[in-house]
Amino acid sequence: MSSLPSSEKVIPWYKQFWPWFLIGILLSSIMFSITFAVMSVKSFDGMVVQEDYYEHGKAINMVLAKQEQARALNLSAELRLDPMTSDIVVDLSGDARPDKLYLDLIFPTEDDRDQSFILEHVRDGRYITQGPDNLRYRWYLQIQPALEDADWRLTGEATFPKEKSVALLPGGRPESE
């Protein structure tokens, strides 16, 4: 004899709510895991693992030497980006007047957005070049007199579009007196 009354029908499992609910939770977690795995592989962030710390340390010392040379030459610069014409204008003051300046705009998080410009000497420490249209967000700025093996370097930081000038100094910060 069965313990169930004969009037009650047993509903098969695939017609009930709870097994499908639990299977749905499992399938959705698998789907989200696969989606995030694909997104992490496709959107590589460009981070580089530094393996040779000694060479990296020597490069830091070279950068510091360039900044010290810029301080010794009493160099500073003011950079302006004209919002109408996108001209980049740099006024260099100090004891050096190279024929060209090399400007690097470095985006803090994505290295494929970095940009380089060559500024031509116009007169009395003023350098000019055509910049990009619609420059936005925060950038690190570096100016040096040569593309390779420069004697000095000025650095700064700016958020564009910015209509006032940006100071470029040795080391990027004003010295505290």
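Look up a bit, the structure's there.
Conventions adopted
Starting from 1, residues in each chain are numbered consecutively following that chain's sequence as written. Two thresholds apply to this predicted model, a pLDDT of at least 70 for residue-level local features and 80 or more for giving and counting side-chain atom pairs, whereas whole-chain, interface and lining totals are computed over all residues. Only hydrogens and water are set aside when side-chain values are computed; all heavy atoms of the structure are taken into account. Each helix corresponds to a stretch of at least 4 residues labelled H or I by DSSP, and each strand to a stretch of at least 2 residues labelled E; elements are numbered beginning at the N terminus. Whether two residues are in contact is decided by their heavy atoms: any pair within 4.5 Å suffices. The rule is simple: take the accessible area with a 1.4 Å probe, protein chains only, and divide by the maximum for that residue type; under 20% is buried, over 50% is exposed, in between is partly exposed. The rule is short: rings of Phe, Tyr and Trp, with Trp giving its six-membered ring, pair when the centres are within 6.5 Å, and they are stacked under 30 degrees, edge-to-face over 60, tilted in between.

Undergrad: Please explain the environment of Lys100 as it appears in this structure.
TA: Note that Lys100 resides in strand E3 (residues 100-106). The contact partners of Lys100, leaving out residues within four places of it in the chain, are Ile118, Leu119, Glu120, Tyr127 and Pro145.

Undergrad: Would you mind showing me how to read unusual backbone geometry here?
TA: Trans peptide bonds make up the majority, and among non-glycine residues the majority have a negative phi. Unusually for a residue other than glycine, Ser86 sits at a positive phi of about 65°. Assignment of secondary structure puts Ser86 in the loop between strand E1 (76-81) and strand E2 (87-93). Of note, Asp124 is a non-glycine position whose phi angle comes to about 40°, a positive value. You can see Asp124 is positioned in the loop between strand E4 (115-123) and strand E5 (126-130). Its relative accessible area of 71% is what places Asp124 among the exposed residues.

Undergrad: Help me understand the packing of aromatic side chains in this model?
TA: One pass over the full model with this rule turns up six aromatic pairs. Plain terms: the ring middles of Trp13 and Tyr14 are 6.0 Å apart, the flat faces sit at 85° to each other, and that makes the pair edge-to-face. Since its relative accessible area comes to 52%, Trp13 is described here as exposed. Judged by centre distance (5.6 Å) and plane angle (25°), the rings of Phe17 and Phe21 are stacked. Taken as a pair, Phe17 and Phe21 lie in helix H1 (residues 17-42) at a separation of four residues, close to a single helical turn. Accessibility expressed as a relative area gives 52% for Phe17, which makes it exposed. Of the residues examined, Phe21 reaches a relative accessible area of 36% and is grouped as partly exposed. A connected cluster of aromatic rings, assembled from ring pairs, spans Trp13, Tyr14 and Trp20.

This is a description of form; function is not addressed.
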